[in-house]
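# Observations on the three-dimensional arrangement
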Amino acid sequence: MLLSVKNLNVSYGDILVVRDVSLEVEEGEVVGIVGESGCGKSTMLHALMQLDPNISAKSETYLFDGEDLDHFGEEDWRRLRGKKMAMIFQNAEMAMDPMKKIAHQFYETVRMHEKKRKKIQCLKCAEEWMKKLNLSDTKRILNSYPYELSGGMCQRIAIAVAMMNDPKLILADEPTSALDVTSQAEAVKTMIQLKQQYHTSMILVTHNMGVVAQLADKVGVMYGGEMVEWGTTAEILKTPAHPYTRALLDAIPKMDGTISEGIAGKPPEYGKERKGCVFAPRCMYKKEECESGKINCYERSKTHWVRCKAS
Ligand SMILES: Nc1ncnc2c1ncn2[C@@H]1O[C@H](COP(=O)(O)OP(=O)(O)OP(=O)(O)O)[C@@H](O)[C@H]1O
Ligand SMILES: [Mg+2]
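The rules behind each value
Residues numbered from 1 in each chain as written. Chains lettered and ligands numbered in written order. Predicted model: local features only at pLDDT ≥ 70, side-chain atom pairs only at ≥ 80, totals over all residues. Heavy atoms only, no water. Helix = DSSP H or I, 4+ residues; strand = E, 2+ residues; numbered from the N terminus. Buried < 20%, exposed > 50% of the residue type's maximum accessible area, 1.4 Å probe, protein only. Contact = heavy atoms within 4.5 Å. Lys, Arg positive; Asp, Glu negative; His and termini not counted. Charge placed at Lys NZ, Arg CZ, Asp CG, Glu CD. Pairing = 2+ DSSP bridges. Axes fitted to C-alpha atoms, helices over the stretch in contact; angles between N-to-C directions. Parallel < 35°, antiparallel > 145°, perpendicular 65-115°, else oblique. Left-handed = near helix turned anticlockwise from the far one by under 90°. Salt bridge = Lys/Arg side-chain N within 4 Å of Asp/Glu carboxyl O. Near = heavy atom within 4 Å. Polar contact = N/O pair within 3.5 Å; in protein donor to acceptor, adjacent residues only side chain to side chain. Areas by Shrake-Rupley, 256 points an atom, 1.4 Å probe, with all protein chains shown as cover. Nonpolar A, V, L, I, M, F, W, Y, C, P; charged D, E, K, R; others polar.

Moving on, we come to the overall build of the chain. Along the backbone of the chain there are 11 helices and 13 strands. Within the chain, the proportion of its 311 residues that are buried is 50%. The contacts in the chain between residues at least 6 apart in sequence include a share of 63% that link residues at least 24 apart. Charge-centre separation for the chain: the mean point of 42 positive side chains lies 4 Å from the mean point of 42 negative side chains.

Quick look at the pairing of strand 7 (residues 85–88) now. Where burial is concerned, the two faces of strand 7 agree: the one with Met85 and Met87 and the one with Ala86 and Ile88 are both buried. Judged from the 4 bridges that link them, strand 7 and strand 8 (residues 169–173) form a sheet pairing that is parallel. Across the sheet, Ile88 pairs through a bridge with Ala172, a residue of strand 8.

The next subject is helix 1 (residues 41–48). Judged by how many residues are buried, helix 1 sits mostly within the fold: 6 of 8 residues are covered. Burial in helix 1 covers these residues: Lys41, Thr43, Met44, Leu45, Ala47 and Leu48. Gln50 lies just past helix 1 and shows a positive phi near 50 degrees.

The next thing to look at is the packing of helix 4 (residues 102–111) against helix 5 (residues 119–132). Direction vectors running N to C along helix 4 and helix 5 enclose 110 degrees, while the axes themselves pass 9 Å from each other. It follows from the interaxial angle that helix 4 and helix 5 lie roughly perpendicular. Where helix 4 crosses over helix 5, the two elements pack in a sense that is right-handed. In this structure, helix 4 uses Ala103, Phe106, Tyr107 and Val110 to contact helix 5, whose residues at the interface are Lys119, Cys122, Leu123, Ala126 and Met130.

This part covers the pattern of salt bridges. The full count for this structure, using the stated rule, is 17 salt bridges. One salt bridge in this structure joins Glu186 and Arg156, with 2.7 Å as the shortest N-O distance. Note that Glu186 is positioned in helix 8 (residues 181–198) and Arg156 in helix 7 (residues 151–163), a separation of 30 residues in sequence. Judged by relative accessible area, Arg156 falls into the buried class, the value being 10%.

Residues in close proximity to ligand 1 include Tyr12, Val17, Ser37, Gly38, Cys39, Gly40, Lys41, Ser42, Thr43, Glu174, His207 and Tyr270, which together make up its full environment. The backbone of Gly38 places a nitrogen or oxygen atom 2.8 Å from an oxygen atom of ligand 1. Separating an oxygen atom of ligand 1 from a side-chain N or O atom of Ser42 is a distance of 2.8 Å. Burial of ligand 1 by the protein amounts to 61% of the accessible area it has alone, namely 640 Å². Among the elements that line the shell around ligand 1, the one with the most residues is helix 1, at 3 residues.

What follows covers the packing of helix 7 against helix 8. When two helices pack together, their arrangement is given by the angle between the helix axes and the distance between those axes. It is at 9 Å that the axes of helix 7 and helix 8 come closest, and there the two elements cross at 20 degrees. Overall, the two elements helix 7 and helix 8 adopt an arrangement that is roughly parallel. The interaxial crossing formed by helix 7 with helix 8 has right-handed handedness. Two secondary-structure elements touch here, helix 7 through Gly152, Arg156, Ile159 and Met163 and helix 8 through Ser183, Glu186, Thr190, Met191, Leu194 and Tyr198. Split into classes, the residues belonging to the contact of helix 7 with helix 8 amount to 5 nonpolar, 3 polar and 2 charged.

We now examine the sheet that holds strand 11 (residues 226–232). Taken together, the 8 strands give an open sheet; going across it, the order is 7-8-9-3-10-11-13-12, and neighbouring strands pair in mixed fashion. The open sheet is flanked by strand 7 and strand 12 (298–299), the only strands paired with a single partner. Of the strand pairs in this sheet, strand 11 and strand 13 (residues 305–306) are connected by 2 bridges, and their pairing is antiparallel. Each residue of the ladder has a partner; that of Trp230, found in strand 13, is Trp305. Packing of helix 1 onto the sheet brings it into contact with strand 3 (30–34), strand 7, strand 8, strand 9 (201–205) and strand 10 (218–223), and relative to strand 8 it is tilted by some 150 degrees.

Looking at the secondary structure, you find Met85 in strand 7. Met85 sits in the buried class, given a relative accessible area of 0%. Residue contacts for Met85: discarding those within four places in its chain leaves Leu48, Met49, Tyr62, Phe64, Leu69, Leu80, Pro167, Leu169 and Leu171.

Structurally, Arg274 can be placed in the loop between helix 11 (243–250) and strand 12. From its side chain, Arg274 meets the backbone oxygen of Gly224 in a polar contact 2.9 Å long. Side chain to side chain, Arg274 and Glu226 meet in a polar contact 3.0 Å long. If sequence neighbours within four positions are ignored, Arg274 has contacts with Arg19, Gly224, Glu226, Pro268 and Glu269.

So, in structure tokens, the structure goes:
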């Protein structure tokens, strides 16, 4: 197992957002994380990489590539971040330094971990990665500022930058959502290539079930800061067990043009006391016992579990 996290809790100040989330990623595996806006997907990724000083995260277990990250200090994190574990942000252009040319963005990422690596070697490696990701005209790109490139190009460059240090795990936060449909398809193809050729593991946050179907091996469904269902992509897409997962899949527009009415009610507010199932107030199938007590995870198969009493 490459990554094993048990009962991760993440707060902003006193407000608990992510609750008791557990997840596992095997070597070479892509785990998709889905759930509507505000359910804590980015918060979870930022906590996994300790990116945000406003976040406080605690977990029972946090093992990654044989190391216990729960006991990591800031220096250990600097060694790990961008090297063994890299992040691709939703809006690649925004995540780059607008004042620095692309060559510099590559060079800085490598130099952070390998001070002795010469600039010329870094740029050669950057060009190789760009070519692997189907970016031609690499000299011009290296000499450009981020705003001089298209969204699709910036996204592929962000992937190339993330790959420069040969990471074991990439955390990708909606890497395709800021792109037009053509660039989205290109970015997805690029990520499929990374998975097939380099066996890079990935946690992929996305709203796009098509992207999940194409890329993910496993899927975690988040609602109100909790992981409510977990399974292989086939299990989640074909036999979803949680009423929230079913509603989420129903919300995808159909080929005949019908669009579902969505889920009535509002997502839970953070910072308030919770009783019973987090989804119960909006659930069509709720039973009395759903509104109190702790909701356990029920196994549907060795790889599929659901946090629901009514399913
Ligand atoms: N820096 C912050 N300080 C305080 N609260 C925050 C901060 N960032 C996010 N939150 C809150 O945490 C909750 C979860 O937000 P998060 O961005 O993790 O959701 P998300 O699932 O990534 O949503 P989206 O799909 O829209 O990106 C939201 O209620 C949000 O307002
Ligand atoms: Mg987000």
